[in-house]
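So the chains spell out like this:
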Amino acid sequence: MKKIPVTVLSGYLGSGKTTLLRRILTEETEIKTAVIVNDMSEINIDGYILKGDAFSRTDEKLVEMQNGCICCTLREDLLIEVSKLAALKEIDHIVIESSGISEPVPVAQTLCFADEELNIDLTQLCYINSMVTVVDANRFWHDYYSGESLLDRKEAADENDTRDIADLLIEQIEFANTIILNKVDLVDDSEVKKLHAAVSALNPEADILQSSFSSVDTKELLHRNHFDLEKASGSAGWIKELNEEHTPETEEYGIRSFVYRRKRPFHPKRLLNWLENWPDTVIRAKGFFWLATRNDTAGLLSQAGTSIILQGAGNWIASMSEEEKEEAFAEDPVLTERWDSVFGDRITELVFIGTFLVNTNIEASLDDCLLTEEEMSADWTLFQDDLPPFQ
């Protein structure tokens, strides 16, 4: 059975996804395209726009998914609708336009894994051609540094959706394998180059295109056939940096990145003070950290814009039982090379991506947050810890 290619369009509200979709439908007259439109409004305006335009031309199929987000509440609906469309022999391609607040990872997972409960395996019916993210070049930095959440803008999926806009923008960029910087006609050339470099640092693996009015080569866009879920899962710039895959070409435009590595824990009080005075040159930071007062648990720091999130990332192997340690060493022989005789695998590895970063300044200020020689021999549980609990 011939598998149907699927192209997923992501991007924040107003970035130009619907304009791009209309171009695909009006320009790609040689293929029969089925479209799934996911809009968060009660009346799906995008669906009506498409119905009144491209869909009067041929036999394309339009599926409207309303009152929810396909990255969460409408996942089951997406599975069912894609399976129905893929079963239509006359369909050559499926395009999914996700809502402006959708994250691409759950959508890709829906398409790439079988659902035993529903007994639907989309991998037998279709494959992902490309995960496309459209970025509004004119408003990106404004939205990124706004400090607002989706709730603040009344754009949230529900009252429990507390995501920051900056986090959503990063999610959409870091997972895509094709990124379109749209509305470049509204931005100075130097700013376009800076944004291009920043996006490249955030996702070095992605193909980055530039456009005005979402004008791109739709034929080339729909015939990429190169999305790889495993590769995309490790394509983010911070992961590349941790694996020592640096992208120096972005430095020409003032975008730099580096990894802060230390085998000594942070003092919680000094780290909290550092976080409250976050350097404004940092665009993106992510990685693992070692906190003295939470010695058994690895911390995960994730920053995007003004949003800084601290999470637990599981226990350090050094805190596990001897049997569990043996299993970990058997699974990962490289672990022995970085194992400390006293503290085991505990380490801080933080990636920083930003504009005109001065590594030495950030490193020196973070070093001041580490335990001193005297504190290393003290009772760490007595240190004041006002950092928020790990999520």
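- An unreviewed UniProt entry annotates the chain as GTP-binding protein of Metabacillus lacus.
- The heading Catalytic activity (unreviewed entry) in the UniProt record of the chain holds the text "GTP + H2O = GDP + phosphate + H(+)".

Some remarks on the sheet that holds strand β12 (residues 348-355)
Remark on secondary structure: sheet strands pair via backbone hydrogen bonds, oriented parallel or antiparallel.
Thinking step 1. Read across the sheet, 5 strands follow the order β8-β12-β9-β10-β11 without closing on themselves; strand pairing throughout is antiparallel. With partners counted over all chains shown, the strands left at the sheet margins are β8 (255-262) and β11 (307-315), one partner each. Ignoring which end each strand starts from, the neighbouring axes of this sheet average 15° apart.
Thinking step 2. When strand β9 (residues 282-289) meets β12, the two strands line up antiparallel, connected through 6 bridges. Bridge pairing in β12 links R284 to I353.

A word on unusual backbone geometry
Thinking step 1. Phi angles above zero are rare outside glycine, and K154 is one such case at about 60°.
Thinking step 2. One non-glycine residue with positive phi stands out, namely F213, at about 55°.
Thinking step 3. Inspection of the secondary structure puts F213 in the loop between β7 (207-210) and α8 (218-222).

Overview of the side chain of D167
Thinking step 1. Checked against the element boundaries, D167 lands in helix α6 (residues 165-175).
Thinking step 2. Not counting residues within four places of it along the chain, the set of residues in contact with D167 comprises A304, S307 and I309.

A look at helix α3 (residues 75-86)
Owing to its 3.6 residues per turn, the α-helix brings residues three or four apart onto one side.
Thinking step 1. In a regular helix each residue adds 1.5 Å, so 12 residues correspond to 16 Å; α3 covers 16 Å between its end C-alpha atoms and thus fits that length.
Thinking step 2. L78, L79, V82, S83, L85 and A86 are the residues of α3 that are buried. Seen end-on, α3 carries its buried residues on one side only, within an arc spanning 165°.

A few points about the packing of helix α4 (residues 104-112) against α6
Thinking step 1. Interaxial distance between α4 and α6 falls to 9 Å at its minimum, and their mutual angle equals 45°. In terms of axis orientation, α4 runs oblique to α6. Along the contact surface, α4 presents P104, V105 and A108, while α6 presents E171, Q172 and F175.
Thinking step 2. Counted by class, the contact of α4 with α6 contains 4 nonpolar, 1 polar and 1 charged residues.

Cut-off values and rules
- Residues numbered from 1 in each chain as written.
- Predicted model: local features only at pLDDT ≥ 70, side-chain atom pairs only at ≥ 80, totals over all residues.
- Heavy atoms only, no water.
- UniProt positions renumbered as here; feature names shortened; annotations may be inferred.
- Pairing = 2+ DSSP bridges.
- Helix = DSSP H or I, 4+ residues; strand = E, 2+ residues; numbered from the N terminus.
- Axes fitted to C-alpha atoms, helices over the stretch in contact; angles between N-to-C directions.
- Contact = heavy atoms within 4.5 Å.
- Expected span 1.5 Å × (residues − 1).
- Buried < 20%, exposed > 50% of the residue type's maximum accessible area, 1.4 Å probe, protein only.
- Arc of directions from axis to C-beta.
- Parallel < 35°, antiparallel > 145°, perpendicular 65-115°, else oblique.
- Nonpolar A, V, L, I, M, F, W, Y, C, P; charged D, E, K, R; others polar.

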